Amino acid sequence: MNDRKTKAEQIFNEMIKTIKERQVDLDQAIAEYTSGPVKPAMDVLEDNEQITVTTELPGVEREDIKIDLSEESLEIRAEFKKETEEESEESGVTYHRKERRHGTASRVVVLPAKVKIDEVTARFENGVLTVIMPKLDKRETYEVKVE
């Protein structure tokens, strides 16, 4: 009986791991189905000094990115421009396959700590947006003596 439980737990854990790995693909599939905004892939890293958010936005121009920030959350929105049908017809282009997304990408993340809004920096290079946010309070630990 114990082997069955262990095997079932292993299968369940592998399923959860696969779902987590495929979360971005799942979000994009749902966005396509519902015609909602795509959620771009995002990494959120934290150390003692700052929080760094890195977001993939391939094909987006710097001026089409909007970042809204509070002490506790970050929202990134980007507009993917698309070639109009008229432009395609004028240039004599025929699409045999058209899979790249156009429209809006949006992602909101609750930050793991409050940040200093006036010291936040953002850099956009090679389709990757990096937002660096110094933390408002550095986490320090104190040893408490037991009397």
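Residues numbered from 1 in each chain as written. Predicted model: local features only at pLDDT ≥ 70, side-chain atom pairs only at ≥ 80, totals over all residues. Heavy atoms only, no water.

Engineer: Which residues make up the sheet that holds strand β2 (residues 50-56), and what values go with them?
Structural biologist: Note on sheets: strands pair through backbone hydrogen bonds, and any given pair is parallel or antiparallel. The strand order across the open sheet formed by four strands is β1-β2-β7-β6, and the pairing between neighbours is antiparallel. Looking along the sheet, the strands with just one partner apiece sit at the ends: β1 (42-46) and β6 (121-125). Geometrically, the sheet is characterised by an average inter-axis angle of 15° between neighbouring strands, direction not taken into account. In the sheet, β6 pairs with strand β7 (residues 128-134) via five bridges, with the strands oriented antiparallel. Bridge assignment links Phe124 to a residue of β7, and that residue is Leu129. (Pairing = 2+ DSSP bridges. Helix = DSSP H or I, 4+ residues; strand = E, 2+ residues; numbered from the N terminus. Axes fitted to C-alpha atoms, helices over the stretch in contact; angles between N-to-C directions.)

Engineer: Which residues make up the sheet that holds strand β4 (residues 73-80), and what are the values?
Structural biologist: Spatially, three strands are ordered β3-β4-β5 in an open sheet, and the strand pairing comes out antiparallel. Strand pairing shows two members of the sheet lacking a second neighbour, β3 (65-69) and β5 (103-110), which therefore form its edges. Looking at each pair of strands side by side, their axes are set apart by 10° on average, direction ignored.

Engineer: Quick one: what's the story with the nonpolar core, residue by residue and with numbers?
Structural biologist: One finds Leu57 and Met133 to be the most contacted residues of the largest nonpolar core, which totals 19 residues. Breaking this core down by element, the ones donating at least two residues are β2, β4, β5 and β7. Residue contributions to this core peak at four residues, all from β4. (Core = buried A, V, L, I, M, F, W, Y, C linked by side-chain atoms within 4.5 Å. Buried < 20%, exposed > 50% of the residue type's maximum accessible area, 1.4 Å probe, protein only.)

Engineer: A description of unusual backbone geometry should follow, citing residues and the corresponding values.
Structural biologist: One non-glycine residue with positive phi stands out, namely Asn126, at about 50°. Along the chain, Asn126 falls in the loop between β6 and β7.

Engineer: Give me the lowdown on the side chain of Thr52, citing residues and values where you can.
Structural biologist: Relative to the helices and strands, Thr52 resides in strand β2. In contact with Thr52, other than residues within four places in its own chain, are Asp43, Val44, Leu45, Thr130, Val131 and Ile132. (Contact = heavy atoms within 4.5 Å.)

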